[in-house]
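Okay, here's what each chain looks like letter by letter:
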Amino acid sequence: MNLIQEMEVYAKENGIPIMEEEGISFLCEWIEKNNCKRILEIGSAIAYSAIRMANVYEDIEVVTIERDDDRFLAAEQNVRKAGLADRITLIHDDALNAEVSGMFDLLFIDAAKAQYMKFFERYEPYLKLGGWIVSDNLKFHGFVAHPEIIRSRHLKQMVRKIQKYIEYLQNHKDYVTEFIDLGDGIAISRKKSEK
Ligand code: SAH
Ligand code: MG
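## Overview of the packing of helix α5 (residues 116–123) against helix α6 (residues 153–171)
Okay, step 1: Look at α5 against α6: their axes get within 9 Å of each other, and the N-to-C directions meet at 35°. Residue-level contacts link Y116, M117, F120 and E121 of α5 to K164, Y165, Y168 and L169 of α6.

## Examining the state of the cysteines
Okay, step 1: For the structure shown, the criterion picks out zero disulfides.
Okay, step 2: Not engaged in a disulfide, the cysteine C36 finds its nearest cysteine sulfur in C28; these two sulfurs lie 11 Å apart.
Okay, step 3: Given the relative accessible area of 1%, C36 is considered buried.

## Digging into the pattern of salt bridges
Okay, step 1: A full pass over the atoms with the stated rule returns ten salt bridges.
Okay, step 2: The closest approach of N and O atoms between K37 and D59, which form a salt bridge, is 3.2 Å. Taken together, the residues span a long stretch of sequence, with K37 in the loop between α2 (21–33) and β1 (38–42) and D59 in the loop between α3 (48–54) and β2 (61–66) at a distance of 22 residues.
Okay, step 3: Among the residues examined, K37 registers a relative accessible area of 24% and is labelled partly exposed.
Okay, step 4: D59 gets classed as partly exposed once you look at its relative accessible area, which sits at 48%.
Okay, step 5: Residues joined by salt bridges that share partners form a network here, namely E8, E21 and R52.

## Considerations on the pairing of β2
Okay, step 1: Most of β2 is tucked away: five of the six residues are buried.
Okay, step 2: With α3 bridging β1 and its parallel neighbour β2, the resulting β-α-β unit is right-handed.
Okay, step 3: Sheet topology note: the β2/strand β3 (residues 88–92) ladder contains five bridges and is parallel. Pairing of I65 across the sheet is with I91, part of β3.
Okay, step 4: A crossover links β2 with its parallel partner β3, the connecting element being helix α4 (residues 69–81), and its sense is right-handed.

## Focus: the layout of surface pockets
Okay, step 1: Estimates place the volume of the largest pocket at around 660 Å³.
Okay, step 2: Put simply, the parts of the chain that give the lining of the largest pocket at least two residues each are α3 and β2.
Okay, step 3: Taken together, the residues of the lining of the largest pocket break down into 15 nonpolar, eight polar and eleven charged.
Okay, step 4: The volume enclosed by the second largest pocket comes to roughly 180 Å³.
Okay, step 5: Lining the second largest pocket are K113, A114, Q115, Y116, M117, K118, E121, R160, K161, K164 and Y165.
Okay, step 6: Elements with a minimum of two residues in the lining of the second largest pocket: α5 and α6.
Okay, step 7: Among the residues making up the lining of the second largest pocket, the classes are represented as four nonpolar, one polar and six charged.

## A short note on the site of ligand 1
Okay, step 1: Every one of the 21 residues lining ligand 1 counts as a neighbour, but M19, E66, R71, A95 and D110 are closest to it.
Okay, step 2: The contact in question runs from a nitrogen atom of ligand 1 to an N or O atom on the side chain of S49, over 2.9 Å.
Okay, step 3: Side-chain polar atom of R71 to an oxygen atom of ligand 1: 2.8 Å apart, as the coordinates give it.
Okay, step 4: In isolation ligand 1 has 580 Å² of accessible area, and contact with the protein removes 94% of it.
Okay, step 5: Most atoms of ligand 1, that is more than half of them, are within 2 Å of grid points of the largest pocket.

Each value, and the rule that gives it
- Residues numbered from 1 in each chain as written.
- Chains lettered and ligands numbered in written order.
- Predicted model: local features only at pLDDT ≥ 70, side-chain atom pairs only at ≥ 80, totals over all residues.
- Heavy atoms only, no water.
- Axes fitted to C-alpha atoms, helices over the stretch in contact; angles between N-to-C directions.
- Helix = DSSP H or I, 4+ residues; strand = E, 2+ residues; numbered from the N terminus.
- Contact = heavy atoms within 4.5 Å.
- Disulfide = S-S within 2.5 Å.
- Buried < 20%, exposed > 50% of the residue type's maximum accessible area, 1.4 Å probe, protein only.
- Salt bridge = Lys/Arg side-chain N within 4 Å of Asp/Glu carboxyl O.
- Right-handed = clockwise from strand over helix to strand, strands pointing away.
- Pairing = 2+ DSSP bridges.
- 1 Å grid on protein atoms, 1.4 Å probe; cavity = no way out; pocket = protein on both sides within 12 Å on 5 of 7 lines; lining within 4 Å.
- Points joined across faces, edges and corners; volume = space filled by probe spheres on them.
- Nonpolar A, V, L, I, M, F, W, Y, C, P; charged D, E, K, R; others polar.
- Near = heavy atom within 4 Å.
- Polar contact = N/O pair within 3.5 Å; in protein donor to acceptor, adjacent residues only side chain to side chain.
- Areas by Shrake-Rupley, 256 points an atom, 1.4 Å probe, with all protein chains shown as cover.
- Sits in = over half its atoms within 2 Å of the grid points.

Spelled out as structure tokens, the structure:
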């Protein structure tokens, strides 16, 4: 088994929600096609997607933020094992407070669903014009399309927040958004080159 396969098994056994195969392969193809070289990720978990993205080209740099202690430690180990410590920067912090520097070609939001709008607003100033924001899990296991099946109040609130975020993306004057029905649902928003 190679490192990627080991990470997939580890994620499954430990209930870590890494990106589904069709979602991550789509994202990697997108990065390749659009020549994204500096990537900011919100929600590293064990650095599975960070490593997959960094492997697209030899000169890709990924900055990724994770608040959970155990996952951050696992991410550090995996990045070292992958030999990518010089190209993947792991930030151990809450993304609502973390500081980044420089400009990015792509922002990948894959952390707490209820905070997507906050992550977007905090980090979109670091996105170049013409750059992309990819948001994962917008179908939220199918609940977004079928809110009537939800009993729990907490889940209902979560789904409402995701719906609000989708509307926010659709109405954002500086971005054009496309929704892609792959994995758990992905949105790709492009920052307009001109205002
Ligand atoms: N992108 C990863 C999966 C991320 S799972 C992959 O596909 O391989 C989501 C992660 O976001 C979890 O590990 C969780 O701890 C982290 N997270 C959630 N809210 C966060 C926040 N506010 N700041 C930093 N990390 C956060
Ligand atoms: Mg996800």
